[in-house]
Amino acid sequence: QSLLYIEALAKDCRFVTASGETVLTARLMELEERLRPHGFVRCHRSYLVNCRYIFSIQKDTVILDDHTVLPVSRGRADELRELFFAYVNRGSA
């Protein structure tokens with residue numbers, strides 16, 4: 001099952017797929033480093049999102065294909081757009 005996004009919850013992380021979720025002890029910063037080459041981007045201090053499932057990027061939110069709305073930090077908005085477009089362009093090359 002493909003991973004839509006990961007949410008940090010204190011010392012745990014919630015891994016969300018289309019069919020459910022799992023909570024595991026993990027550090028979001030370490031997951032970000034490991035998953036960035038696979039199209040994951042930090043959109044907020046508490047969220048890593050899979051570019052594959054982004055439907056649209058708004059001013060302060062990102063909307064996924066399944067209509068999930070995640071927050072986007074002001075400081076991360078430009079990087080999110082840049083990495084998302086790089087991901088999209090990589091897929092079409």
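Predicted model only: the values in this text are computed from it and were never measured.

Draft legend 1. Examining the overall build of the protein chain more closely. Along the protein chain, the regular secondary structure elements total two helices and eight strands. For the protein chain, the succession of helices and strands along the chain, N to C, is β-β-β-α-β-β-β-β-β-α. If one aligns the C-alpha atoms of the protein chain with their principal axes, the spans along those axes are about 35 × 30 × 25 Å. Sequence-distant contacts in the protein chain: of pairs separated by 6 or more residues, those separated by 24 or more amount to 35%. Total accessible area on the protein chain is roughly 6,000 Å²; 50% of this is exposed by carbon and sulfur atoms. Placing the 13 positive and 12 negative side-chain charges of the protein chain at their respective mean positions leaves the two points 3 Å apart.

Cut-offs applied
- Residues numbered from 1 in each chain as written.
- Predicted model: local features only at pLDDT ≥ 70, side-chain atom pairs only at ≥ 80, totals over all residues.
- Heavy atoms only, no water.
- Helix = DSSP H or I, 4+ residues; strand = E, 2+ residues; numbered from the N terminus.
- Contact = heavy atoms within 4.5 Å.
- Areas by Shrake-Rupley, 256 points an atom, 1.4 Å probe, with all protein chains shown as cover.
- Lys, Arg positive; Asp, Glu negative; His and termini not counted.
- Charge placed at Lys NZ, Arg CZ, Asp CG, Glu CD.

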